[in-house]
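An overview of the molecular structure
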Amino acid sequence: MTVTGARQEQGRPRAGLWARLGDRVVVGGSTVGDEGRDGERRVHHEDGTPPFDVRWSDTGRVTLVLPGPDARVQHLPPHDTMDVTPP
């Protein structure tokens, strides 16, 4: 059995679909040619597992998302590791 969620060390990679606060959730379109939609993951489960609360970029609404096989997560660097060197 694979250990997931809060029981797992923070720096280790996780199996399956998961997202941190602020990561981008992308869901494919329902028909050919439909680009789908994307949104920012909001707080729901502390361990990053689905379902996700997502604020959609096209409407600004927050909905509960149970990601299917057409969903993926774009992991963004944590705010404390981003390079914030002033120009």
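None of the values given here were measured: they were computed from a predicted structure. (Residues numbered from 1 in each chain as written. Predicted model: local features only at pLDDT ≥ 70, side-chain atom pairs only at ≥ 80, totals over all residues. Heavy atoms only, no water.)

1. Remarks on the confidence of the model for the protein chain
With 71% of its residues at a pLDDT of 70 or more, the protein chain has an overall mean of 75. Across the protein chain, strand β3 (residues 52–56) holds the top mean pLDDT of 91, while strand β2 (residues 37–42) sits lowest at 86. Ignoring residues within four places in sequence, the model shows residues 1–9, a span with pLDDT below 50, making six contacts including any to other chains. (pLDDT = per-residue confidence, 0-100. Helix = DSSP H or I, 4+ residues; strand = E, 2+ residues; numbered from the N terminus. Contact = heavy atoms within 4.5 Å.)

2. Let's talk about the nonpolar core
In this structure, Ala19, Val25, Val27, Phe52, Val54, Trp56, Val65, Ala71 and Val73 together form the largest nonpolar core, which totals nine residues. At the level of secondary structure, the elements contributing two or more residues to this core comprise β1 (24–27), β3 and β5 (71–74). Among the elements that make up this core, the one with the highest residue count is β3 (three residues). Here alanine 71 is in contact with Val26 and Val27, once residues within four sequence places are set aside. (Core = buried A, V, L, I, M, F, W, Y, C linked by side-chain atoms within 4.5 Å. Buried < 20%, exposed > 50% of the residue type's maximum accessible area, 1.4 Å probe, protein only.)

3. What to know about unusual backbone geometry
The peptide bond linking proline 50 to proline 51 adopts the cis configuration, its omega dihedral lying at 0 degrees. Among the structural elements, proline 51 can be located in the loop between β2 and β3.

4. Remarks on the pairing of β5
With burial as the criterion, only one face of β5 is covered, namely that bearing Ala71 and Val73; the residues Arg72 and Gln74 on the opposite face remain uncovered. The pairing of β1 with β5 spans four bridges and is classified as antiparallel. Paired with valine 25 across the bridge in β5 is valine 73. (Pairing = 2+ DSSP bridges.)

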